[in-house]
Amino acid sequence: MKQFLFAMLLCNFFLSIHAQSSYQKVSDGVIIHPDKSLSGNVGSIKLTAVSNHIIRVTASAENNIEQRESLIVVPQPAGTNWSVSENEGKLTLSTSDVKAVADLKTGAVYFTDINGKPIIAERKLEGRKIEPVVMEGKSLYRVKQTFETDADDAYYGLGQHQE
């Protein structure tokens, strides 16, 4: 009996390792459904090709992403040419100027120029974290976003260079 239980646990472990996260192509980009246990409780991530030099990333704890009119992103005329490809567990959305690459398991996204030169990258594990909280009786989410940094990175406008 113990051998049977051990075999079942081992089988479940290997199936969870090799299970592929899903994604779907939509009219303006792709929606990725990463593993919630590896993605910081993220149920879906949408990469939207806004223009040739802008790819918008939207994340949700739910398995769907509501379409809302953005107060920040100015609507762009239709016609942005983009493509999507999958290779070795990574999904790449490309325009003529920029690429967004998302890990299908963790949901971590990084950006490069068209030649592959890195622009910015989320931390590979839990670079994005969405936690449910209750404040003043309302169910809300606490969101945390973390990016990979180098020793020579400089940040401006955060108050650290006060005189």
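All values reported here derive from a predicted model rather than from experimental measurement.

When its secondary structure is counted, the protein shows one helix and 11 strands. Seen in sequence order, the protein has helices and strands lined up from the N terminus as α-β-β-β-β-β-β-β-β-β-β-β. By the burial criterion, 29% of the 163 residues in the protein qualify as buried. Restricting to contacts in the protein with at least 6 residues of sequence separation, those with at least 24 account for 37%. Here the protein displays about 11800 Å² of accessible surface, and carbon together with sulfur accounts for 55% of that area.

Bringing the nonpolar core into the picture now. One finds I32, L47, I55, L93, A100, V109 and F111 to be the most contacted residues of the largest nonpolar core, which totals 17 residues. Those elements that place two or more of their residues in this core are β2 (29-33), β3 (44-51), β6 (90-94), β7 (98-103) and β8 (109-113). Here A100 is in contact with L47, I55, L91, T92, L93, V109, Y110 and F111, once residues within four sequence places are set aside.

One open sheet accounts for five strands, arranged β5-β6-β7-β8-β9; its pairing is antiparallel. Looking at which strands have only one partner, the edges of the open sheet turn out to be β5 (83-87) and β9 (118-121). Strand-to-strand twist of the sheet, defined as the mean angle between neighbouring strand axes without regard to direction, takes the value 20°. Relative to β6, β5 runs antiparallel, the two sharing five bridges.

Okay, the layout of surface pockets next. For the largest pocket, the calculated volume is near 930 Å³. As for the largest pocket, its lining consists of 33 residues, and the residues nearest its centre are R56, T58, E66, Q67 and R68. Within the residue set of the lining of the largest pocket, elements represented by two or more residues are β3, β4 (54-60) and β11 (138-145). Per-class residue counts for the lining of the largest pocket are 16 nonpolar, 10 polar and seven charged. One number sums up the size of the second largest pocket: a volume of about 220 Å³. If you trace the second largest pocket, you find it lined by P118, I119, I120, A121, F147, E148, T149, D150, D153 and Y155.

This part takes up the pattern of salt bridges. Summed over the entire model, instances satisfying the criterion amount to five salt bridges. The residue R128 makes a salt bridge to E122 at a minimum N-O spacing of 2.8 Å. There is no split in this pair, since R128 and E122 are both buried. A network of salt bridges, in which partner residues are shared, links K129, E131 and R142.

So, how was this worked out
- Starting afresh in each chain, residues are numbered from 1 along the sequence in its written order.
- A pLDDT threshold of at least 70 governs which residues receive local features in this predicted model, and a stricter bar of 80 or more applies before side-chain atom pairs are shown or counted, although totals over entire chains, interfaces and linings include all residues.
- For the side-chain quantities, the full set of heavy atoms in the structure was used; hydrogens and water were omitted.
- Only DSSP runs of H or I covering at least 4 residues are called helices, and only runs of E covering at least 2 are called strands; the numbering of each starts at the N terminus.
- Between buried and exposed lies partly exposed: a residue is buried under 20% and exposed over 50% of the maximum accessible area for its type, with that area taken using a 1.4 Å probe on protein chains only.
- For this analysis, residues touch if any pair of their heavy atoms sits within 4.5 Å.
- All accessible areas in this document rest on Shrake-Rupley with a 1.4 Å probe, and a residue is counted as covered only by the protein chains that are shown.
- Nonpolar core, defined: a set of buried Ala, Val, Leu, Ile, Met, Phe, Trp, Tyr and Cys residues in which side-chain atoms within 4.5 Å join the residues together.
- Two strands pair if DSSP finds at least two bridges between them.
- Angles run from 0 to 180 degrees between N-to-C directions of axes, and those axes are lines fitted to C-alpha atoms, restricted for helices to the stretch in contact.
- In this analysis a 1.4 Å probe is tested at points of a 1 Å grid over the protein atoms alone, and where it fits but cannot get out there is a cavity; an open set with protein on both sides within 12 Å along at least five of seven lines is a pocket; lining residues have an atom within 4 Å of a point.
- Grid points are joined across faces, edges and corners, and a volume is the space filled by probe spheres set on the points.
- Charged residues are taken to be Asp, Glu, Lys and Arg, nonpolar residues to be Ala, Val, Leu, Ile, Met, Phe, Trp, Tyr, Cys and Pro, and polar residues to be all remaining types, Gly included.
- Salt-bridge detection follows one rule: a side-chain nitrogen of Lys or Arg within 4 Å of a carboxyl oxygen of Asp or Glu.

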